[in-house]
Amino acid sequence: MLQDLIGVRLTLLAGPGIPRPLPAPLMARLVSAEVAISDREVSGFELVFDAIRAAALAGLYPIMAEPALRPGARVVMTATLGILPAVLMDGIIETAEFRPPQSGSSARLHLRGKDLSFAMDREERETSHPAQGPGEIAMMILLRYAQYGIIPMVIPPLTADRPSPTERVPMQRGTDFAYLTELAAAHDRIFTVIPGPVPMTSTAYWGPPPRVGVPQRAITTDMGPDSNVSGLSFENAAGDAAEVSGRVQDSASGQAIPVRSTVALRPPLATMPSIASRATVRMNLFRTEGAPSAVQAMGEAHAQYAATTDTVRVTGELDTARYGGVLAPRGLVGLRGAGLDHDGLYYVQSNVHKISRGAWTQSFTLNREGTGTTVPVVLP
């Protein structure tokens, strides 16, 4: 186990079918682990093992015969910091790359895989969903994956309609993952698979970006011994913010109805949102795949608008030992020490864990809709 970093332990379950703890000799060959977690993209991982030749037969590498380290095997990765365990990844090995020894370096086995959305992206379907709204469709699809320990969490949009089968039948042409992602993007939702909270379980979240709740422990800069971040950078692409307007023919009345984006219902994280700046805001034409009603068109226009509003992007790297925890995407975090424009609360979009003996870093990406803090103080 990688536990040379005081108080940190990485454990692995792996294998075809039901994964089991890797034997201690195999864990001793683990060189490093990297886990990339995102709120919208597929999360992935890479495990690197030393490959040692067999003593009896020089051309044989026993690790290559290990069923738990072959493509198709399931991997559950849990990191424990102090007494608090966190499931970093529950996924499937997709590729195995063997690198023979060169220039004095040892042979290495690199295993790469994706989270359990991999299982949802293997079979293309042509399926109809009569008389169902997007939330109901998402729930019905996700129930197919209960055998993986996946628990659906679906928050349907308020503006979506449930079409009559005589007017329109929603059609799926593609994999379950592709269709769920497409539905989410059309209704200002995200679709993501969140590992945990305990090994062998995951939550399939289909809903709005979760910008509520208790913020995680603060990211701190320029505060002497309390600082826990390096390489902090702020980028404000204010010119990307855009309102959306256009017209759509309502299927019920047959009339052309004006469509315009509305103010986002998300809790504000900034006092000076870029969308409010008349000097930089864009005006985009409403584009639709054929919204059947004015209500549906308004929902699509709002989703197109919301996709442009998070213009402030923050990147940096945490030393996990100094930070004292795991920064989880799909939630809020406080940031302090960067000045009034950039302090405050942010949404955690992604995080990349790099774990090796004696080191564990987290490279993160945060975002929000503008500058200026909405909270008087950020607690540690």
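Refer to the structure above for everything that follows.
Keep in mind that what you see is a predicted model, and the values were worked out from it rather than measured.

J.: Which parts of the structure should I look at to understand the overall build of the chain?
T.: The number of helices and strands found in the chain is six helices and 23 strands. Relative to a compact globule of 380 residues, whose C-alpha radius of gyration would be 21 Å, the chain shows 24 Å and is just as compact. Dimensions along the principal axes, computed over C-alpha positions, put the chain at roughly 80 × 55 × 40 Å. Counting over 380 residues, the chain shows a buried share of 47%. When the accessible surface of the chain is split by element, carbon and sulfur atoms take 57% of a total near 18,200 Å².

J.: Where do I start with helix H3 (residues 134–142) in this structure?
T.: Along an α-helix, a turn takes 3.6 residues, which lines up residues three or four apart on a common side. Of all the positions in H3, only Pro134, Gly135, Ile137, Ala138, Ile141 and Leu142 are classed as buried. Projected down its long axis, H3 shows its buried positions confined to an angular sector of 160°, all on one face. Buried-residue contacts for H3 involve helix H2 (117–120), strand E9 (150–154), strand E10 (171–175), helix H4 (176–186), strand E11 (190–195) and strand E12 (202–207).

J.: What is the right way to look at empty space enclosed by the protein in this model?
T.: Within the structure shown, the criterion is met by one cavity of 30 Å³ or more. Computed from the structure, the largest cavity encloses a volume of approximately 40 Å³. Around the largest cavity, the lining residues are Arg40, Glu41, Val42, Asp115, Ser117, Phe177, Phe191, Thr192 and Val193. Among the elements that make up the lining of the largest cavity, the one with the highest residue count is E11 (three residues).

J.: I would appreciate a short explanation of the nonpolar core in the present structure.
T.: In globular proteins that are soluble, nonpolar side chains generally tend to be buried together. Grouped together as the largest cluster of nonpolar side chains are 32 residues, with contacts concentrated most on Leu12, Leu22, Phe45, Leu47, Phe49, Leu69 and Met77. Among the elements of the structure, strand E1 (8–15), helix H1 (24–27), strand E3 (30–38), strand E4 (44–51), strand E5 (74–81), strand E6 (84–99) and strand E7 (107–115) are those that each provide at least two residues to this core. Excluding its chain neighbours within four sequence positions, the residues that come into contact with Met77 are Leu10, Thr11, Leu12, Ala33, Val35, Phe45, Leu47, Ala86, Val87, Leu88 and Met89. One finds Leu116, Leu142, Tyr179 and Ala184 within the second-largest nonpolar core, a separate group that totals 19 residues.

J.: Would you mind going over the sheet that holds strand E16 (residues 256–260) with me for this structure?
T.: Two strands in a sheet stick together by hydrogen bonds in their backbones, pointing the same way (parallel) or opposite ways (antiparallel). Strand order across the open sheet formed by three strands is E16-E15-E18, with mixed pairing between neighbours. Of all the strands in the sheet, just E16 and strand E18 (282–285) have a single pairing partner and so form its edges. Between one strand and the next, the sheet's axes are offset by a mean angle of 20°, whatever the strand orientation. Summarising the sheet, strand E15 (residues 242–249) and E16 pair through five bridges and their orientation is antiparallel. Within E16, the residue paired with Ser245 across the bridge is Arg260.

J.: Explain helix H5 (residues 294–306) here, please?
T.: Over its 13 residues, H5 extends 18 Å from the first C-alpha to the last, a length consistent with the 18 Å expected when each residue adds 1.5 Å. Burial analysis of H5 places ten of its 13 residues in the buried class, which makes it a mostly covered element. Among the residues of H5, Ala294, Gln296, Ala297, Gly299, Glu300, Ala301, His302, Ala303, Tyr305 and Ala306 are the ones counted as buried.

J.: I tried to follow unusual backbone geometry on my own but got confused; where do I start?
T.: Following Gly196, the chain continues to Pro197 via a peptide bond in cis, the omega torsion being 15°. Considering the arrangement of structural elements, one finds Pro197 in the loop between E11 and E12. Phi is positive for Asp188, which is not a glycine, with a value near 55°. Mapped onto the elements of the fold, Asp188 is located in the loop between H4 and E11. On the basis of relative accessible area, Asp188 is assigned to the buried category, the value being 12%. Of note, the phi angle at Arg330 is positive, near 70°, even though the residue is not glycine. One can find Arg330 in the loop between helix H6 (320–323) and strand E20 (332–336).

J.: Sorry, what's going on with the pairing of strand E21 (residues 344–356) here?
T.: Along any regular strand the residues' side chains alternate between the sheet's two faces. Looking at chain direction, E3 and E21 are connected through seven bridges and run antiparallel. By the bridge assignment, Ser32 is partnered in E21 with Ser356. For E20 and E21, the ladder comprises four bridges, and the chain directions are antiparallel. Across the sheet, the residue bridging to Gly334 is Leu345, located in E21. Pairing geometry for E21 and strand E22 (residues 359–368), over nine bridges, is antiparallel.

J.: Would you take a moment to explain the packing of H3 against H4 for this structure?
T.: Two quantities define a packed helix pair, namely the angle between the axes and the distance from one axis to the other. Remark: H3 packs on H4, axes separated minimally by 11 Å, with the N-to-C direction vectors making an angle of 155°. The angle between H3 and H4 places the two elements in the roughly antiparallel class. In this structure, the crossing between H3 and H4 has a hand that is left-handed. Every residue of H4 that contacts H3 at Pro134, Ile137, Ala138, Ile141 and Leu142 is listed here: Asp176, Tyr179, Leu180 and Leu183. Taken together, the residues that form the contact of H3 with H4 break down as eight nonpolar, no polar and one charged.

J.: Would you mind going over the packing of aromatic side chains with me for this structure?
T.: How two aromatic rings sit relative to each other is given by the distance of their centres and the angle of their planes. Counting across every chain of the model gives three aromatic pairs. Lying across the ring of Tyr347, Arg211 places its NZ or CZ 4.6 Å from the centre.

J.: Looking at this structure, how should I read the side chain of Thr220?
T.: If you trace the backbone, Thr220 turns up in strand E13 (residues 216–220). With a relative accessible area of 1%, Thr220 lands in the buried category. Only 2.8 Å separates the side chain of Thr220 from the side chain of Arg336, close enough to count as a polar contact.

J.: Sorry if this is basic, but what is going on with the pattern of salt bridges here?
T.: A side chain with one charge may pair with a side chain of the opposite charge, provided their charged atoms come close. Scanning the entire structure with this criterion turns up 16 salt bridges. A salt bridge links Glu243 to Arg260; its shortest N-O distance comes to 2.9 Å. Of the two residues, Glu243 is situated in strand E15 and Arg260 in strand E16; the sequence distance between them amounts to 17 residues. Arg260 sits in the partly exposed class, given a relative accessible area of 44%. In this structure, Arg266 and Asp310 form a salt bridge, with 3.2 Å as the shortest nitrogen-oxygen distance.

Rules used throughout
Residues numbered from 1 in each chain as written. Predicted model: local features only at pLDDT ≥ 70, side-chain atom pairs only at ≥ 80, totals over all residues. Heavy atoms only, no water. Helix = DSSP H or I, 4+ residues; strand = E, 2+ residues; numbered from the N terminus. Rg over C-alpha atoms; globule rule 2.2 N^0.38 Å. Buried < 20%, exposed > 50% of the residue type's maximum accessible area, 1.4 Å probe, protein only. Areas by Shrake-Rupley, 256 points an atom, 1.4 Å probe, with all protein chains shown as cover. Arc of directions from axis to C-beta. Contact = heavy atoms within 4.5 Å. 1 Å grid on protein atoms, 1.4 Å probe; cavity = no way out; pocket = protein on both sides within 12 Å on 5 of 7 lines; lining within 4 Å. Points joined across faces, edges and corners; volume = space filled by probe spheres on them. Core = buried A, V, L, I, M, F, W, Y, C linked by side-chain atoms within 4.5 Å. Pairing = 2+ DSSP bridges. Axes fitted to C-alpha atoms, helices over the stretch in contact; angles between N-to-C directions. Expected span 1.5 Å × (residues − 1). Parallel < 35°, antiparallel > 145°, perpendicular 65-115°, else oblique. Left-handed = near helix turned anticlockwise from the far one by under 90°. Nonpolar A, V, L, I, M, F, W, Y, C, P; charged D, E, K, R; others polar. Phe/Tyr/Trp six-rings, centres within 6.5 Å; stacked < 30°, edge-to-face > 60°. Lys NZ or Arg CZ within 6 Å of the ring centre and 35° of its normal. Polar contact = N/O pair within 3.5 Å; in protein donor to acceptor, adjacent residues only side chain to side chain. Salt bridge = Lys/Arg side-chain N within 4 Å of Asp/Glu carboxyl O.

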